[in-house]
Amino acid sequence: MTAIAERFSGCLLAGAIGDAMGAPVEFMSSVEIDSLTHGEGVNQFYQAYGKLGAITDDTQMTLFTCEALLQASSDGDCSSEQVISYFNQAYLHWLNTQQEASPLPLTYTSHLLNVPSLNARRAPGITCITALRNKPSLQALAENESKGCGGVMRAAPVGLFAVRKALSDEVTFRLGSLCAHVTHGHPTGYLSAGLFAVVIRCLIQGMTLRAAIDVGLRELQRHNGHEETLLSVQRALMLSATGLSHRQAIQMLGEGWVAEEALAIALYCVLVAKDFSQLINYSVSHGGDSDSTGSIAGNLWGAMHGLNGIPQPWLAQLEAHQCINQMALALHDCA
Ligand SMILES: [Mg+2]
């Protein structure tokens, strides 16, 4: 595998590990997590959804983002306006896996529908389900005011796609935003995803995290309604440079149920963690939306480090790891 291909795989696999590590504790308080982990925080898979290594909606939807981009690429429809309909279609296919019928006819067949672990409800976000259930057309962006983290958590593949297609900062940001905007109507809900996609692209290309964040913030500030996301990311940068414990710092960043907090917690964890195990431990062992913060943090880590430092047994135990790797490599190989 080339160094770049390994970063594509690392981005999606490490994200899925973060998701699966966070899944068992997503709805636990920090006191409950301490009691489960004897005060150590999460350092191993615990059972979720009846198994070890179970992925959740974060990884499921990330794979559907991949499929949207691959389909757009194979049809030669990669302009921002056209890609909206591919995002909508892909997430409507995902809606079908959640035992809900798509309100609109879909024009391509999703290969992901045959993957058993994707045909399972894993605490899907209400905003995603509701926005898709009421989708009026394949071109429609969300009309709601949601800034839940369900948009940003699935946007990493846009950064990978942007590497492959040599997209500019501006277009990468726009595609990332649109990927979230089809279900999340609040600027924070989608601008955070634009920023995340730009950071992922820059990391794959070898920038440092600080430099990648600077590029993302520059682009972010060109858009109306960016202030909340900007403040959260700046707070993460500031806290990463203090001597506060990770627990205190994460508490100051929020719980991660909303987009700007999930992104800020993930960025903070990648800025301060010394290795992948510590990254997982910090990013999921808090009383908030652990699987989403773990997933975003893992995406960032893998984009920087590839599969380096990810314990082999974790990869082996991860549900759907072959499918996740295949989707990463398919994006790497898309012309
Ligand atoms: Mg989840």
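Residues numbered from 1 in each chain as written. Predicted model: local features only at pLDDT ≥ 70, side-chain atom pairs only at ≥ 80, totals over all residues. Heavy atoms only, no water.

1. Description of the environment of T208
Among the secondary structure elements, T208 is positioned in the loop between α8 (187–204) and α9 (209–220). T208 sits 96 residues away from M304 along the chain, and the two C-alpha atoms are 8.1 Å apart. Within the structure, the side chain of T208 is placed 3.1 Å from the backbone nitrogen of A211, a separation counted as a polar contact. (Helix = DSSP H or I, 4+ residues; strand = E, 2+ residues; numbered from the N terminus. Polar contact = N/O pair within 3.5 Å; in protein donor to acceptor, adjacent residues only side chain to side chain.)

2. Considering the environment of V182
Along the chain, the position of V182 falls in the loop between α7 (169–181) and α8. Residue classification places V182 among the buried positions, given a relative accessible area of 0%. Here the alpha-carbon distance between V182 and A140, two residues 42 residues apart in the chain, equals 6.7 Å. (Buried < 20%, exposed > 50% of the residue type's maximum accessible area, 1.4 Å probe, protein only.)

3. Description of empty space enclosed by the protein
Following the criterion strictly, the structure yields one cavity of 30 Å³ or more and no others. Of the volumes computed, that of the largest cavity is approximately 40 Å³. If you trace the largest cavity, you find it lined by L12, G15, A16, D58, T59, T62, L63, S295, N299 and I324. The biggest single contributor to the lining of the largest cavity is helix α3 (residues 57–75), with four residues. (1 Å grid on protein atoms, 1.4 Å probe; cavity = no way out; pocket = protein on both sides within 12 Å on 5 of 7 lines; lining within 4 Å. Points joined across faces, edges and corners; volume = space filled by probe spheres on them.)

4. Some points on unusual backbone geometry
Of note, Y49 is a non-glycine position whose phi angle comes to about 50°, a positive value. On the accessibility criterion, Y49 (35% relative accessible area) is partly exposed. Residue A320 is not a glycine yet carries a positive backbone phi of 60°. Here A320 shows up in the loop between α15 (312–317) and α16 (321–333). By relative accessible area, A320 is classed as buried at 19%.

5. A few points about the pattern of salt bridges
All told, the structure shown has 11 salt bridges when counted by the stated rule. Between K51 and E319 there is a salt bridge; the shortest N-O distance is 2.9 Å. Of this pair, K51 sits in strand β2 (residues 51–52) while E319 sits in the loop between α15 and α16, and the two are 268 residues apart along the sequence. By relative accessible area, which is 9% here, E319 ends up buried. Note that E81 and R174 form a salt bridge whose closest N and O atoms lie 2.4 Å from each other. Taken together, the residues span a long stretch of sequence, with E81 in helix α4 (residues 80–97) and R174 in helix α7 at a distance of 93 residues. Through salt bridges with shared partners, a single ionic network connects K51, R122 and E319. (Salt bridge = Lys/Arg side-chain N within 4 Å of Asp/Glu carboxyl O.)

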